[in-house]
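Spelled out from the first residue to the last, the chains are:
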Amino acid sequence: MIKNEKASLSIKKIAFTMILLILLCGVGTMATNTKLSNVKIVLSNQYEINVLTTKTKISDILEENHIVVLPEENVLPNMDSQLSENKTITITKISEEGQDVIKLAEENSEVSIEQLLGDYAPVIEKIITEQVEIPFETITKNASQEEGTSKIITKGKNGLKEITYRAKFKNEVEIERTIISEDMIKEPVNQVVQINKEVVTSRSNLERTKPVELPKTTNHTLAKKVEGKTPMVKTFNTSAYCSCTKCCGKTSNTTSSGVAPSTWHTIAAGKAYPLGTIIYIPALKDKPNGGWFVVQDRGGSISSNKLDIYMGTHTQALQYGRKNLECYVYEM
């Protein structure tokens, strides 16, 4: 009888041990399947806390740790997102401007938050360094003497300088630029032109008999005005100017002829050529005007062997530089 009771107790111990082992295995399996994550939560006051959680959704993690997000706060990643690889949740305060943007977007359904945020976009400053070419100047010798043929004594070379700017950008668009410094890399070399006196008895001797090199299409208004006329062919030292008072010296937006200057149309010439004189320049036949110009302006430094072509901007005037070009002059 005693032996039977002992045997029964042994069977119960074995059964209890097996059940305990099964339960422990189950708990171990559950622990293995449920992954614990160490998550860092940065509050809007910059206080940081680290929590252990099995949750992966941002809203669930915050709720589990009794963290309430206020209306003026923003969560990154957002509440509906899953925990990112860096295992960090950041709560920040929305600025007053940002709250105003959201309020305006809610009140006006026709304007999106993205559009309004564009108006409140931060201004970003950048330091920009550029190399700018400096056009050479042309110096004419014996310019005060009678007109004649020109010869280049020293060929001009453009210079180069490095300009450093402080530029401001908003929405990736440049809104302001300030020069910080300018460093000369290479000085420009002036072009020296010698004017050789021609022995002529009258101005008509300067006219040539060679045919005029007109463009293929001569339906330009100015070309029609001089149709059938014989031009005087001459080489001029040409440059360009604009309405920039500081650099080009033009004090008004009106020419000497009383009309407003026009890009690729107006020319300033010396007093030897009356206002209204039509000039065709073959080298510029591919320009918007087909190479046809009208003398409409004068200039204090414009002599009888120079022409100044009007440009719309100061940059275009600088880019043109100085050129000795053959011109066909039609006096009206």
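Described in the following lines is the structure provided in the data block. (Residues numbered from 1 in each chain as written. Predicted model: local features only at pLDDT ≥ 70, side-chain atom pairs only at ≥ 80, totals over all residues. Heavy atoms only, no water.)

### Thoughts on the overall build of the chain
And then number 1: Helix and strand counts for the chain come out as six helices and 16 strands.
And then number 2: Relative to its full complement of 332 residues, the chain shows a buried share of 29%.
And then number 3: A separation of at least 24 residues holds for 69% of the contacts in the chain among residues at least 6 apart in sequence.
And then number 4: Only carbon and sulfur atoms are counted for the fraction: they give 53% of the accessible area of the chain, which is about 21900 Å². (Helix = DSSP H or I, 4+ residues; strand = E, 2+ residues; numbered from the N terminus. Buried < 20%, exposed > 50% of the residue type's maximum accessible area, 1.4 Å probe, protein only. Contact = heavy atoms within 4.5 Å. Areas by Shrake-Rupley, 256 points an atom, 1.4 Å probe, with all protein chains shown as cover.)

### Concerning the sheet that holds strand S9 (residues 173–186)
And then number 1: If you trace the three strands from one edge of the open sheet to the other, you get S5-S8-S9, paired in antiparallel fashion. The open sheet is flanked by strand S5 (123–134) and S9, the only strands paired with a single partner. Going from strand to strand, the sheet's axes swing by 20 degrees on average, the running direction of each strand aside.
And then number 2: Taken together, the eleven bridges between strand S8 (residues 159–170) and S9 define a ladder with antiparallel strand orientation. (Pairing = 2+ DSSP bridges. Axes fitted to C-alpha atoms, helices over the stretch in contact; angles between N-to-C directions.)

### A look at the sheet that holds strand S15 (residues 306–310)
And then number 1: Here we have six strands rolled up into a closed barrel, ordered S11-S15-S12-S14-S13-S16, and mixed in their pairing. Within this sheet the neighbouring strands show an average axis-to-axis angle of 45 degrees, counted without direction.
And then number 2: In the sheet, strand S13 (residues 278–280) pairs with strand S14 (residues 292–297) via three bridges, with the strands oriented antiparallel. The residue bridging Ile 278 from the neighbouring strand is Val 294, located in S14.

### Overview of the nonpolar core
And then number 1: In terms of nonpolar packing, the biggest core is built from 20 residues, with Ile 267, Ile 281, Leu 284 and Ile 309 touching the most fellow members.
And then number 2: With residues near it in sequence (within four places) discarded, Ile 281 still touches Ile 267, Gly 291, Phe 293, Ile 309, Leu 325, Glu 326 and Cys 327.
And then number 3: Counting residues in each nonpolar core, the second largest holds eleven residues, with Val 39, Ile 41, Leu 62 and Ile 91 among its members. (Core = buried A, V, L, I, M, F, W, Y, C linked by side-chain atoms within 4.5 Å.)

### Section: the packing of aromatic side chains
Centre distance and the angle of the planes are the two values used to describe a pair of aromatic rings.
And then number 1: With the rule as written, the count across this model stands at six aromatic pairs.
And then number 2: With 6.4 Å between their ring centres and 45 degrees between their planes, Trp 264 and Phe 293 make a pair best called tilted. Separated by 29 residues along the polypeptide, Trp 264 in the loop between strand S11 (232–241) and strand S12 (266–269) and Phe 293 in strand S14 bring together distant segments of the chain.
And then number 3: The class for Phe 293 is buried, based on a relative accessible area of 0%. (Phe/Tyr/Trp six-rings, centres within 6.5 Å; stacked < 30°, edge-to-face > 60°.)

### Remarks on the pattern of salt bridges
And then number 1: On inspection of all chains with the given rule, the structure shows five salt bridges.
And then number 2: Across the pair Glu 182 and Lys 161 runs a salt bridge, and its minimum N-O distance is 3.2 Å. Linking Glu 182 in strand S9 with Lys 161 in strand S8, this pair joins segments that are 21 residues apart in sequence.
And then number 3: For Lys 161, a relative accessible area of 21% corresponds to the partly exposed category.
And then number 4: Between Glu 174 and Arg 177 there is a salt bridge, with its nearest N and O atoms 2.7 Å apart. (Salt bridge = Lys/Arg side-chain N within 4 Å of Asp/Glu carboxyl O.)

No statement about biological role is implied by the geometric values presented.
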